[in-house]
Amino acid sequence: MDSPPVTGEHEPEPRRYGRRLFLATVVGGVSSLYWGKAAWDHVTGVVSPVADALAPIIPTGGWRIYTISGHMPAFDPATWRLEVGGLVERPVSLTYQQLRALPRVEQVSDFHCVTGWSVDNVHWAGVRIQDVLAAARPHASGHALRFVSMEVPYVDYLTLGQASLHDVMLAYEMDGKPLRREHGAPVRLVIPEMYGYKNVKWLQRIDVVPATESGYWEELGYDQNAWVGRSNGYGT
Ligand SMILES: Nc1nc2c(c(=O)[nH]1)N[C@H]1C(S)=C(S)[C@@H](COP(=O)(O)O)O[C@H]1N2
Ligand SMILES: [Mo]
């Protein structure tokens, strides 16, 4: 593989992509965009630009690695913060250490992408969203959360009710190791009840907002309430 191609210059407007292309890209991607480990090490952070809006690469342990931008944000512990703001009494800015100091929870849950692949029994460790929100003291006018990725413009939303489901978490470890860059380091949203696109990677900010809005893929036609097995045309 030669030097990694630069992405971003000729990227089409992502909103033009619909479900059909999403699926076509994934299906094509699994067979044609498979890069070996050596190639992966070589590109060091620049993922395949072939699919401008979506780049599945290196399936490992059943995972497909997705980015919408073709570039994975880098985690720098010195500068990274998890900002908690919006409709709150006191905006909070957590360092990675402070995040790690919050009550730790662990769980084993299955992960499902809406395109049909799943990974069973993923071992996650992290924090409950309530423990992150508590210090910020959300206003009563806030009924939903906006999860903002370092990968602009990836965002998604959950109602406060959805965010407080028993197994929803902000995960900083996967299968016993710090969350890897390609899986959203340093921390990602995990909501096993919903399809993968709700599980925002590379989190940098959580805002308390009045109501849910359309997240990145939802702007392209996917359901806001992405319940596994009963949304996006499944189970209906
Ligand atoms: N920032 C960001 N988060 C994201 C995505 C993405 O492209 N960018 N893809 C979503 C989709 S569609 C899925 S299925 C999962 C895939 O998680 P993985 O890349 O760790 O396998 O991440 C979700 N979170
Ligand atoms: Mo997905």
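Overview of the structure. This one's a predicted model, so the numbers in the text were calculated from it and none came from an experiment.

Here we look at the site of ligand 1
Stage number 1. Taken together, 20 residues lie around ligand 1, and Arg64, Glu151, His183, Arg188 and Lys201 are the ones closest in.
Stage number 2. Tyr66 places a polar main-chain atom, nitrogen or oxygen, 3.1 Å from an oxygen atom of ligand 1.
Stage number 3. Here Ile68 contributes a backbone N or O atom positioned 3.4 Å from an oxygen atom of ligand 1.
Stage number 4. In isolation ligand 1 has 520 Å² of accessible area, and contact with the protein removes 100% of it.
Stage number 5. Under a 2 Å grid-point criterion requiring more than half of the atoms, the pocket assigned to ligand 1 is the largest cavity.
Stage number 6. Considering every element that reaches the shell around ligand 1, the biggest residue donor is strand 2 (residues 63-65), with three residues.
Stage number 7. In the shell around ligand 1, the residues fall into ten nonpolar, five polar and five charged.

Focus on the side chain of Ser149
Stage number 1. Along the chain, Ser149 falls in strand 7 (residues 144-149).
Stage number 2. Within the local environment of Ser149, its side chain forms a polar contact with the backbone nitrogen of Glu151, the two atoms lying 2.8 Å apart.
Stage number 3. What Ser149 contacts, discounting residues up to four positions off in sequence, is Tyr154, Val200, Lys201, Trp202, Leu203 and Gln204.

Let's talk about empty space enclosed by the protein
Stage number 1. Across all of its chains, the model carries two cavities of 30 Å³ or more by this definition.
Stage number 2. Roughly 300 Å³ of internal volume is contained in the largest cavity.
Stage number 3. Lining the largest cavity are 25 residues, with Tyr66, Tyr154, Gly196, Tyr197 and Lys201 positioned closest to its centre.
Stage number 4. If one sorts the elements of the lining of the largest cavity by residue count, strand 2 sits on top with three residues.
Stage number 5. Residues belonging to the lining of the largest cavity are distributed by class as follows: 16 nonpolar, five polar and four charged.
Stage number 6. Taken as a whole, the second largest cavity holds about 30 Å³ of empty space.
Stage number 7. Looking at the second largest cavity, the residues that line it are Asp156, Tyr157, Thr159, Gln162, Lys198, Thr212, Glu213, Glu218, Gln224 and Asn225.
Stage number 8. For the lining of the second largest cavity, the element with the highest residue contribution is strand 8 (residues 155-159), accounting for three residues.
Stage number 9. Taken together, the residues that form the lining of the second largest cavity break down as one nonpolar, five polar and four charged.

Some words on the pairing of strand 12 (residues 203-209)
Stage number 1. Taking burial as the measure, the seven residues of strand 12 include five buried ones, the bulk of the element.
Stage number 2. The pairing of strand 3 (residues 82-86) with strand 12 spans four bridges and is parallel. Across the sheet, Gly86 pairs through a bridge with Val208, a residue of strand 12.
Stage number 3. Relative to strand 12, strand 7 runs antiparallel, the two sharing six bridges. Its bridge partner being in strand 12, Phe147 is matched across the sheet by Ile206.

Parameters at a glance
- Note that residues are indexed from 1 along each chain, following the sequence as it is written.
- As they are written, the chains are lettered A onward and the ligands numbered 1 onward, keeping that order.
- Side-chain atom pairs in this predicted model are given and counted only at pLDDT of 80 or more, local residue features only at pLDDT of at least 70, and totals for whole chains, interfaces and linings cover all residues.
- In computing side-chain properties, one takes all heavy atoms of the structure into account and sets aside hydrogens as well as water.
- If even one non-hydrogen atom of a residue comes within 4 Å of a molecule or strand, that residue is called near it.
- Any pair of N or O atoms that falls within 3.5 Å is considered a polar contact. Within protein, one atom must be able to donate a hydrogen and the other to accept it, and sequence-neighbouring residues count only if both atoms are side-chain atoms.
- Residue exposure ignores everything except the shown protein chains as possible cover, and the areas themselves are Shrake-Rupley values with a 1.4 Å probe.
- A cavity, in this analysis, means grid points on a 1 Å lattice covering only the protein atoms where a 1.4 Å probe fits yet has no way out; a pocket is instead an open set bounded by protein on both sides within 12 Å along at least five of seven lines, and a residue lines either one if it has an atom within 4 Å of a point.
- Whether a molecule sits in a cavity or pocket is decided by its atoms, more than half of which must lie within 2 Å of the grid points.
- By definition, any uninterrupted DSSP run of H or I lasting at least four residues is a helix, any uninterrupted run of E lasting at least two residues is a strand, and each is numbered from the N terminus.
- We call Asp, Glu, Lys and Arg charged. Ala, Val, Leu, Ile, Met, Phe, Trp, Tyr, Cys and Pro are nonpolar, and the rest, Gly among them, are polar.
- In what follows, a contact means two residues having at least one pair of non-hydrogen atoms within 4.5 Å.
- Grid points are joined across faces, edges and corners, and a volume is the space filled by probe spheres set on the points.
- Only protein chains enter the calculation, and the probe is 1.4 Å; a residue is then buried if its accessible area is under 20% of its type maximum, exposed if over 50%, and partly exposed in between.
- The pairing criterion for strands is at least two bridges between them, as found by DSSP.

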